Amino acid sequence: MLLWLTFLPLVGVLAILLAPDRAGTQRGIALLTSLVVAVLGLVLWGCFEGGDAAMQLTTSIDWFEIALPAGHVVPVHFAFGVDGISILLVVLTAVLMPFVVLSTAGHIDKRFKEFFLWLLVMETGMLGVFLSTDLVQFYFFWELSLVPLYFILGIWGGSRRLYATIKFFLYTVAGSLVMLIAIISLLYQTGTSDISELISRAGGLDPSQQAWIFGSFALAFAIKVPMLPFHTWLADAHTEAPTSGSVILAGVLLKMGTYGLLRFGIQLFPEMALSYSGLFLCLGAAGIVYGAFLAMAQSDLKRLVACSSVSHLGFVVLGMFALTEAGLRGSVLQMVNHGISTGLLFLLVGMIYERRHTRMLDRFGGVARVMPVFAFFFVFTVLSSAGLPGLNGFVGEYMILSGTFLASPLWAAVAVTGVIFGAVYLLVATRRVLFGPLVHEENKALTDLGMREIGILVPLCVLALWIGISPNTFVGKTAGTLDQLSERIHQIRADDARTAEVSLLEETR
Amino acid sequence: MLWLIPLFPLVGAILCGILHFRSLAAEREGASPERVRALAGWVAVSAIAASFAIVVTNWWTLVGQAGERVLESSAWAWIDAGSFHVDLSMVFDPLSSVMCLVITGVGLLIHIYSTGYMHGDAGYAKFFAYLNLFVSVMLVLVLSSSLIGLFVGWEGVGLCSYLLIGFWYDKTENAAAGQKAFVMNRIGDASFLLGSFLLISLFSTLDLSEIGEAVPELMASHPGSLALAALLLFGGACGKSAQFPLFTWLPDAMAGPTPVSALIHAATMVTSGIYLTIRLNPLFAAAPSVLLVIGFVGALTALIGASSALFQRDIKKVLAYSTVSQLGYMFLGLAAGAWSSALFHLVTHAFFKGLLFLGAGSVIHGMADEQDMVKMGGLKKHMPRTFVSFLAGAAALSGIPLMSGFFSKDEILTKAFANGALYWPLWIVGVFAAALTAFYTWRMVSLTFFGEERFREDGVHPHESPASMTVPLLILAAASVFGGVLNLPEVLPFSDLLGHWLEPVTELGDTILATGGGGAEHLAHATEWILLGLGSLIALVFAHRGFHAYRRGIVADEAARAKQPELVAFLEAAWRIDSTYMDKVVGSVKLLAFFIASVIDQLAIDGTINAAGAGARSLGARLRRLVDGSVENYALHMAAGAVLLALTWIWF
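Residues numbered from 1 in each chain as written. Chains lettered and ligands numbered in written order. Predicted model: local features only at pLDDT ≥ 70, side-chain atom pairs only at ≥ 80, totals over all residues. Heavy atoms only, no water.

Enquirer: Let's hear about the overall build of chain B: which residues, and what values?
Expert: Check the secondary structure of chain B and you find 25 helices and four strands. Here the C-alpha atoms of chain B give a radius of gyration of 29 Å, agreeing with the 26 Å that 2.2 N^0.38 yields for 652 residues. Projected onto the principal axes, the alpha-carbon positions of chain B cover approximately 100 × 65 × 55 Å. Scored against the burial criterion, the 652 residues of chain B give a buried share of 59%. When contacts within chain B are restricted to residue pairs at least 6 apart in sequence, long-range pairs at least 24 apart make up 81% of them. If you sum the accessible surface of chain B, you get close to 24,700 Å²; carbon and sulfur atoms cover 67% of it. Considering chain B, the positive charge centre built from 36 side chains and the negative charge centre built from 46 side chains are found 11 Å apart. (Helix = DSSP H or I, 4+ residues; strand = E, 2+ residues; numbered from the N terminus. Rg over C-alpha atoms; globule rule 2.2 N^0.38 Å. Buried < 20%, exposed > 50% of the residue type's maximum accessible area, 1.4 Å probe, protein only. Contact = heavy atoms within 4.5 Å. Areas by Shrake-Rupley, 256 points an atom, 1.4 Å probe, with all protein chains shown as cover. Lys, Arg positive; Asp, Glu negative; His and termini not counted. Charge placed at Lys NZ, Arg CZ, Asp CG, Glu CD.)

Have a look at this one:
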């Protein structure tokens, strides 16, 4: 089933290649493919047992072998599986994609065949990343998912797309490079490429080796997330990307970074994660505040949303490295929340851009008067992003912050100011777009959202509300794996405390 | 059945929201939206009425119960964070019953009033959607068994307040005022959140009654943490209940329609902080130092509010500063451990301040949207029902003997006085602010309803408001006059009804206070009589002075300004606190944002990256012969390089 899920988009690719290059046909094929994948994703959701910690629905086929100098052989498998860390992201990817395809009707106006081809290749890549249970295969999909965005950005992007594309590419390649080094050395030292196997063996490595590999992984993923100070590619990429590209980038691609941090940073090297958690908490909290201030200073609405991502992903990193039950759960939930809220924001920005061909805040004002439906969705989304209780953002943020407070009250206190600054930039943007007098002539004739656009927004808003009201439906799926992980971390903490006590006793003696 | 209490208005809100879009569609098609709008009004009023009816039945059940007096609903397992759970359920006990009665009772009157006041507004259905939503979340706030459930309501009412302040969003000031309210509230909320995290780490639960019961155990081992948690929660209360230093949003909040000012910014939402403190009275009682801080903040806020109201010309601004000031009194009462007195004042204040705002709204309505009292005068002839009810409200606010506000304010001051020498300075400030209150209240009455008819120059023809507006006014007027019977002082018969009713909730806090040696001492009857007499005297004298000084219009202000220009300007600007925030804080935040975006992000971080990129490009230009420029080749070379690097690193 997971094989089907991953490779179904490629079947769509085949159809796209064969079909004529007409917008309707191509979009139809892409929509159909993504819908089937989405349905499969929902079936997977139904089959998945939240209480179970291990990989589920696993499939494994021998792929090839890497010969090591000392005569050892590392078998590489074509292996798929899903657990509590990946389930939400897999389903998010599958479910988000049809909406992305639908949204393209407003802004993709050339080279349809290529566009939908890359879009579906990207879907395979992203699903592969989350579903891989083999490290080499993970890397394969990781790289696969990056190429399409490079083209989407470079061909269908805005006026400064080349600069943004090159920047995105350089950052990404730098990250991949560092990760490749880590992967090769990990394979060499453990002799396995199977992720579950790696989890049990990685702890046996020499601590200094562990630190190096952990650091390389962390760096690679930190660029992807992006964490402060590697975030500057994001604003440019988002600003120049077409709406659909931005939605995928924010909704799923960035989650590959946070997913990687959790899987290969924390799950693989919990000791290292514990030793360096202070650094990550600091960077996470700093990212929250920094991103918010960055967003406040923007005059381009899309760039503002892009900067807000830096802030929101700071929460995800913070919760993860709090290494507490509440923090981990909140962090995984918040990945989904960010995908929904920021995805919605980008969709809305795209919708108004298609009408006005500008995103500058000072070109708007009073739009609520002429576009009341748009105003409703905009305010709803802003509230979801600002973490209003009852909507999705709050539950994630609350779990993250309370989990962080238990680990470090200081960083929780710094991060909690993000609640204030987040409200500032979001509400200022809302006011400047929607409220005030209708001063610009061009805005007076704006048409409100049509049925297609409402149809894209409503399901995502319903999802936001659903998570807000009944988060357990979602958090419950992650509980098995995350509890096992936090139990392990708890054990390490207890051992550390005992060792410290023993050494203290010996010293006093 | 308890879930139905907030559910009715919630459904009403959704229906009104749908009707709003229907009315917009009707307008676009050229049809009259009147019928759809009228339907929305009916839906909203009936939803509140239904909710009120359920509240009353439940209250009656509660009255009939012996002992415990608690009704609890089924629980909804909301958040499961592993180390702690949040189960939402609704608890109907003496405290929440009083709050619910006020919210749905006063809320119902204000809904009815609004059907008249908002008549003809394009956003009529939307207004009722927001108003119903507000009542719903406010009920969640007071009914929730858990601190997080309370926070859901807490943020929800903040949202409605934001939406309703900026209701007429065509004006930038209105939208900005809504935004300010939300952000100031969020500052308090950040503190509230930290407080809740601390409570989780201390108690491993957020259930309000469990926290209360566990306080005595933790008092000895964690006094500092308990005090810190109480202080952080009070920080949240400062935001929502407009206390110094976070009160500056409330005067601006008057940008919203007047019924909103009455319901949200006087009667209900702004009292959430007081509710929170009463609800967690054991926690606050365990932290006497925090109580002293609360008393100080309350007294200071009472003084700032009352003195700032003295020279306002806008009738709603007077009432807004007055509300800030009255909330300060309630906190002063809480600080003295007089939980039921604070609640008593909360209830009477909901009556008389709701009434005064609605009265002001009726005046504004009749004066064609004029809010400047200088342009009013002599309205008593033209708006007799509004006038009579406004008088009752003014009498209650200024503490004229036997009015509801007289008893409730006096009780707070008496308890503060009885609380020992530390509280005497606070008591003096309170008495002084009471004198100011009487003065500005009757200045307002005099300027609006008496003296010359100054509106004639502007060609305004004032008229009495329709019955939908005046009937709620008269009902509230009766409540403002007779509300005192809820909790008469001990020297009178039938005393302390509310105090006894509340005992199951406040018992634990009282015990904790008493064991710590705090709390109000029992005063001799003679002392009580003296304090009552003093209160009456001050109210009467200053009401008289305020009333007569302004019989001839605003000239008295001019005289004061001529004598003390500095002081008057300072008070008009509400101690220049808001302007300081606007200049200093907002300015520095903007500067910092600019600095981060331009200097750090673009110059430092991006500059480094671009420089590295440029270096790479010039290197690339030299290597161009080697590379044909296709992406595949770049990728190939990089991969090769990476492998090379990795291998070197492994072997050496």
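Enquirer: So what's going on with the packing of aromatic side chains? Which residues, and what values?
Expert: To describe a pair of aromatic rings, one takes the distance between the centres and the angle between the planes. Residues and elements named next belong to chain A. In total, this model carries 62 aromatic pairs over all chains according to the counting rule given. Considering the side-chain rings of Phe115 and Trp156, the 5.0 Å spacing of their centres and the 80 degrees angle between planes classify their relative orientation as edge-to-face. Pair noted here: Phe115 is in helix α4 (residues 112-131) and Trp156 is in helix α5 (residues 135-156), with a separation of 41 residues, a long-range link. There is no split in this pair, since Phe115 and Trp156 are both buried. Where Phe394 meets Tyr398, the ring centres are 5.5 Å apart and the plane angle is 35 degrees; that geometry is what we call tilted. (Phe/Tyr/Trp six-rings, centres within 6.5 Å; stacked < 30°, edge-to-face > 60°.)

Enquirer: Break down the pattern of salt bridges for me, with residues and values.
Expert: In the structure shown here, the tally under the stated rule is 28 salt bridges over all chains. We note a salt bridge from Asp236(A) to Arg160(A), for which the minimum N-O separation is 3.6 Å. Of this pair, Asp236(A) sits in helix α9 (residues 232-240) while Arg160(A) sits in the loop between α5 and α6 (161-190), and the two are 76 residues apart along the sequence. Note on Arg160(A): relative accessible area 43%, which makes it partly exposed. Asp557(B) is paired through a salt bridge with Arg443(B); the nearest N and O atoms lie 2.7 Å apart. Taken together, the positions of Asp557(B) in helix α22 (residues 555-563) and Arg443(B) in helix α18 (residues 424-449) put the pair 114 residues apart, joining distant regions of the chain. Judged by relative accessible area, which is 2%, Asp557(B) ranks as buried. (Salt bridge = Lys/Arg side-chain N within 4 Å of Asp/Glu carboxyl O.)

Enquirer: So what about the nonpolar core? Which residues, and what values?
Expert: Core analysis: the biggest nonpolar cluster contains 434 residues, and Leu119(A), Phe217(A), Leu261(A), Phe321(A), Phe374(A), Leu434(A) and Phe284(B) have the highest contact counts within it. Discounting chain neighbours no more than four positions away, the residues touching Phe284(B) are Ala230(B), Leu233(B), Phe234(B), Thr277(B), Val290(B), Leu291(B), Ile294(B) and Trp339(B). (Core = buried A, V, L, I, M, F, W, Y, C linked by side-chain atoms within 4.5 Å.)

Enquirer: Describe in detail the interface of chain B and chain A, supporting the description with residues and values.
Expert: The partner chain A presents 67 residues to the 56 residues of chain B that form the contact. Between chain B and chain A, the buried area comes to about 5,800 Å², and carbon and sulfur atoms account for 75% of it. The three residues of chain B that bury the most area against chain A are Tyr169(B), Arg186(B) and Phe197(B), which together make up 12% of that side's buried surface. The interface formed by chain B and chain A includes three salt bridges. Between chain B and chain A we count 19 residue pairs in polar contact (both at pLDDT 80 or more) in total. Only α1 (4-28), β2 (76-80), α5 (147-165), α6 (172-203), α24 (577-622) and α25 (631-651) of chain B provide two or more residues apiece to the side of chain B that touches chain A. A per-element tally of the side of chain B that touches chain A places α6(B) first, with 16 residues. (Buried area = accessible area lost by both parts, 1.4 Å probe. Polar contact = N/O pair within 3.5 Å; in protein donor to acceptor, adjacent residues only side chain to side chain.)

Enquirer: Explain the packing of helix α12 (residues 277-296) of chain A against helix α13 (residues 301-322) of chain A residue by residue, including any values.
Expert: All names here are of chain A. At a minimum axis separation of 7 Å, α12 and α13 run at an interaxial angle of 160 degrees. Comparing the axis directions of α12 and α13 gives the class roughly antiparallel. Crossing of α12 over α13 shows left-handed handedness. In contact with Ser277, Phe280, Leu281, Gly284, Ala285, Gly287, Ile288, Gly291, Ala292, Leu294 and Ala295 of α12, α13 contributes Leu304, Cys307, Ser308, Val310, Ser311, Gly314, Phe315, Val317, Leu318, Phe321 and Ala322. For the contact of α12 with α13, the residue count by class is 15 nonpolar, seven polar and no charged. (Axes fitted to C-alpha atoms, helices over the stretch in contact; angles between N-to-C directions. Parallel < 35°, antiparallel > 145°, perpendicular 65-115°, else oblique. Left-handed = near helix turned anticlockwise from the far one by under 90°. Nonpolar A, V, L, I, M, F, W, Y, C, P; charged D, E, K, R; others polar.)

Enquirer: How would you explain a nonpolar patch on the surface if you had to name every residue and give the values?
Expert: All names here are of chain B. Taken together, the side chains of Met1, Leu4, Leu7, Phe8, Leu10, Val11, Ile14, Leu15 and Ile18 make up a nonpolar region of the molecular surface, amounting to roughly 780 Å² of accessible area. Looking at the element boundaries, Phe8 is found in helix α1. Relative accessible area serves as the criterion here: at 33%, Phe8 is assigned to the partly exposed category. (Patch = residues over 30% accessible without salt bridge, like charges linked within 9 Å, V, L, I, M, F, W, Y side chains within 5 Å.)

Enquirer: An account of the confidence of the model for chain B is requested, with residue identities and associated values reported.
Expert: All names here are of chain B. Averaged over chain B, the pLDDT score is 89; the fraction of residues at 70 or greater is 94%. Least confident of the elements in chain B is α25, whose mean pLDDT is 61; most confident is helix α11 (residues 272-279), at 96. Predicted as a complex, the structure gets a pTM of 0.93 and an ipTM equal to 0.92. (pLDDT = per-residue confidence, 0-100.)

Enquirer: For the environment of Phe346(A), give the residues involved together with the corresponding values.
Expert: All names here are of chain A. Checked against the element boundaries, Phe346 lands in helix α14 (residues 325-356). The sequence separation of Phe346 and Gly51 amounts to 295 residues, and the corresponding C-alpha distance is 34 Å. If sequence neighbours within four positions are ignored, Phe346 has contacts with His238, Thr243, Ser246, Val247, Ala250, Lys302, Val305 and Ala306.

Enquirer: Would you mind going over unusual backbone geometry in detail, with residue names and values included?
Expert: Between Val225(A) and the following residue, Pro226(A), the backbone shows a cis peptide bond with an omega angle of -10 degrees. Structurally, Pro226(A) is set in the loop between α8 (207-224) and α9. Here the residue pair Leu228(A) and Pro229(A) is connected by a cis peptide bond, since its omega of -5 degrees sits within 30 degrees of zero. One non-glycine residue, Trp575(B), lies in the positive phi region at around 65 degrees. Within the secondary structure layout, Trp575(B) lies in the loop between α23 (565-572) and α24. Positive phi values are uncommon outside glycine, yet Arg576(B) reaches one of about 55 degrees. Within the fold, Arg576(B) resides in the loop between α23 and α24.

Enquirer: Provide a residue-level description of the environment of Arg456(B), including the pertinent values.
Expert: All names here are of chain B. Tracing the chain through its elements places Arg456 in the loop between α18 and α19 (467-482). Judged by relative accessible area, Arg456 falls into the exposed class, the value being 53%. Between the alpha carbons of Arg456 and Phe296 there is a distance of 46 Å; along the sequence they are 160 residues apart.

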